[in-house]
Amino acid sequence: MKTTKDFWAMKSEGKKIVMVTAYDYPSARQAEQAEADMILVGDSLGNVVLGYDSTVYVTMEDMVHHAKAAKRGAPNTFIVADMPFMSCHLSVRDTLLNGARLIQETGAHAVKVEGADEMIPHIKALVRAGIPVVSHLGLTPQTAALLGGFKVQGKDAEAAQKMLEDVKECQDAGAFALVLECIPKQLAQEISTTLTIPTIGIGAGVHTDGQVLVYHDILTYGVNRAPKFVKAYVNADELMIKGLKAYADEVRSMNFPDDEHSFTMKEEELKTLYGGRS
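Every value quoted in this text rests on a predicted model; they were computed, and no experiment measured them.

Conventions we followed
- Residues numbered from 1 in each chain as written.
- Predicted model: local features only at pLDDT ≥ 70, side-chain atom pairs only at ≥ 80, totals over all residues.
- Heavy atoms only, no water.
- Phe/Tyr/Trp six-rings, centres within 6.5 Å; stacked < 30°, edge-to-face > 60°.
- Buried < 20%, exposed > 50% of the residue type's maximum accessible area, 1.4 Å probe, protein only.
- Axes fitted to C-alpha atoms, helices over the stretch in contact; angles between N-to-C directions.
- Helix = DSSP H or I, 4+ residues; strand = E, 2+ residues; numbered from the N terminus.
- Parallel < 35°, antiparallel > 145°, perpendicular 65-115°, else oblique.
- Left-handed = near helix turned anticlockwise from the far one by under 90°.
- Contact = heavy atoms within 4.5 Å.
- Nonpolar A, V, L, I, M, F, W, Y, C, P; charged D, E, K, R; others polar.
- UniProt positions renumbered as here; feature names shortened; annotations may be inferred.

Bringing the packing of aromatic side chains into the picture now. Two aromatic rings are characterised by how far apart their centres lie and by the angle between their planes. One pass over the full model with this rule turns up six aromatic pairs. Measuring from centroid to centroid gives 5.4 Å for Y52 and Y57, while their planes differ by 55°, and the two rings are tilted. On the accessibility criterion, Y52 (35% relative accessible area) is partly exposed. By relative accessible area, which is 46% here, Y57 ends up partly exposed. Through successive ring pairs, a cluster of aromatic residues spans F7, F78 and F176.

Written out as structure tokens, the structure is:
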């Protein structure tokens, strides 16, 4: 299994990091079998798996539950678990307690924290406590309402300059990697060149040190629509719905279960059961 040092080495050697966002045992298992370098158990599970319209409804209990399942599915892959909404905002003490819970109860190897500025002391505290941190800047879904919705960030010079300052602060605070979401590719390239820690892009162009996409988006599994930055590599929905319809048709026509999928009793046992009648 790769470690934080391996990811730093990959950056220095120009090897791209493959991260997959997965939320449970089967998806994490498949990501590991596909040789993903890192799995993110993201709070986007609120939208993708739980049916919420925002990540702010996701709780620590949700994150612990799903991260534990993902860990069981991918025991040999580096796993990052999201710090959900308000789990690292009230106090540094609360941040440490929640971060410790994610690591101790789930077996995850790192946590992800959205934002900079007021989050810097929290990142420092987590790192000092021995908890590896992945920072997340650009479009930060937990605070999307303050950003004017799910929009590209850092598009003008002033916003780009602020982001350049923020990423350096996160690196200086001890984050070992950085997720960049929905920012111009030129800005992502500048950030990736400037920082010594690896950057992982999602909607940030090809010049980041790695990429992350959600399992369900990659496979078109249970998603109605996908952002511009998503590329689907197969349509699992079509295949799965076809299979479910075939099952329903066979049940209604009494073609399932057939003899191959049923159990039988021996003839002598039937005679005993029916008092000598077969």
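With that settled, consider the packing of helix α5 (residues 92-106) against helix α6 (residues 120-128). Relative to each other, α5 and α6 sit at 45°, their axes nearing to 9 Å. Taken as axis vectors, α5 and α6 run oblique relative to one another. Pair α5 / α6 crosses with right-handed handedness. For the pair α5 and α6, contact is made by V92, T95, L96 and G99 and by P121, H122, A125 and L126, respectively. Classifying every residue of the contact of α5 with α6 gives five nonpolar, three polar and no charged.

Sites flagged by UniProt as "binding site: Mg(2+)" (unreviewed entry) map to D43, D82 and E114. These annotated residues cover 72 residues of sequence, but their C-alpha atoms sit close together, with the largest distance between any two at 10.9 Å. Along the polypeptide, D43 turns up in the loop between β2 (38-41) and α3 (45-48). Overall, the relative accessible area of 3% leaves D43 in the buried class. Dropping the residues within four chain positions of it, D43 is found in contact with T55, V58, M63, D82, P84, E114 and Q142. Of note, D82 is situated in strand β3 (residues 78-82).

Further remarks concern unusual backbone geometry. Cis geometry marks the peptide bond from F256 to P257; its omega dihedral reads 0°. Looking at where P257 falls in the secondary structure, it is placed in the loop between α10 (236-252) and α11 (267-273). Of note, the phi angle at C182 is positive, near 55°, even though the residue is not glycine. Tracing the backbone shows C182 in the loop between β6 (177-181) and α8 (185-194).

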